[in-house]
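# Structural overview for review
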Amino acid sequence: ITDAANDDNVEAVEPMPDGGCMVFWYGGEWNDLNAYCQAINGEGTMPEGWSSEPLNLSTGPGYQLDVKTDVLQNGVFSIWKDTRNNNTDIYGQVINFDGTIAGIENGFVITNEENDQNNPAINMNNIQNEVLICWEDFANGTDFDLVCKSFDPLTLSEGEEIVIAGEAGDQTVPFVSVSQSGSYLIIWEDSRSGGTSDIYMQEMNASGTIFEDGGVNVCSADFDQREPGVSIYSEADNSYLLFWKDYRSSGKAFLMNNYAQSLTLSTMTIAEESLPLSFHI
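Read on for an overview of the structure. These figures come from a predicted structure and were not determined experimentally. (Residues numbered from 1 in each chain as written. Predicted model: local features only at pLDDT ≥ 70, side-chain atom pairs only at ≥ 80, totals over all residues. Heavy atoms only, no water.)

## Focus: unusual backbone geometry
In the Ramachandran plot, N119 falls in the positive-phi region, its phi being about 50 degrees despite a non-glycine side chain. Note on placement: N119 falls in strand 9 (residues 117-125). In this structure, N129 is a non-glycine residue whose phi angle is positive, near 55 degrees. Along the chain, N129 turns up in the loop between strand 9 and strand 10 (130-137). Among the residues examined, N129 registers a relative accessible area of 40% and is labelled partly exposed. (Helix = DSSP H or I, 4+ residues; strand = E, 2+ residues; numbered from the N terminus. Buried < 20%, exposed > 50% of the residue type's maximum accessible area, 1.4 Å probe, protein only.)

## Focus on the packing of aromatic side chains
Scanning all chains against the criterion turns up six aromatic pairs. For the pair W25 and Y36, a centre-to-centre distance of 5.8 Å together with 20 degrees between the ring planes defines the contact as stacked. Taken together, the positions of W25 in strand 2 (residues 21-27) and Y36 in strand 3 (residues 34-40) put the pair eleven residues apart, joining distant regions of the chain. Each member of the pair W25 and Y36 is classed as buried. When the centroid spacing of 6.4 Å and the interplanar angle of 85 degrees are considered together, the rings of Y247 and F254 count as edge-to-face. With a relative accessible area of 22%, Y247 lands in the partly exposed category. Under the relative-accessibility criterion, F254 is labelled exposed at 65%. An aromatic cluster of three or more residues is present, and its members are F77, F108 and F151. The aromatic ring of Y91 is capped on one face by R84, whose charged end is 3.8 Å from the ring centroid. Its end group placed over the ring of Y200, R192 keeps NZ or CZ at 3.8 Å from the ring centre. (Phe/Tyr/Trp six-rings, centres within 6.5 Å; stacked < 30°, edge-to-face > 60°. Lys NZ or Arg CZ within 6 Å of the ring centre and 35° of its normal.)

Bear in mind that shape data such as this cannot, by itself, settle questions of function.
Here is the structure:
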């Protein structure tokens, strides 16, 4: 796919409907990293319509890195962190399965507010027929808030920015999942209580947020809880596993274990106690 003299860092691999996959990465000169994509079929060659040269998602100035992707009906929606404006913004691009670009050259703006916007997360909602993108936003210059925006996957028209959590402290590292009913389950790290990070979550549907403003607490045990995620475990009960890395066992040394909570949407209940998934001593 690439044999450039500099390092290339693979960020995502997405399947194609007729077999093969699309590979996304960033690389290039250390002071001008760019985002790329290439398709490859089961025989190890480029599919019809694709050049043997990598497709540039963006060759704009500055860095383009931290590429995230999700599959659409006709292609792949990709987003990345972008420093072309001398701070960190979020840009995007849609690459069709035939190797053409649906967006504008060098990508289109997801958000370019003041200061930095980091750690983008993306998920395609086939029920609401939209893409939701969330990120940690430092626009206020004081702390990070959690902000989301939807996009139409065909026209690329955008919705309004929605502040999911703008509490004191930082709301960071969002993870976006889509429930069976088409609502969004958004979970993140949150330091509103001061010092260490806890785990908070919010559900959002077409009418707005479901839980109280700013989200509800999933876990606020001692020390940090980090890198949260969501996975369905019972389709019949509409139940989901909220999981994260947990440092509550730390003392003189930091010890990381995996913990989880159960969320059942039919009853709108979160389990009262988080349970360990595994221990690493």
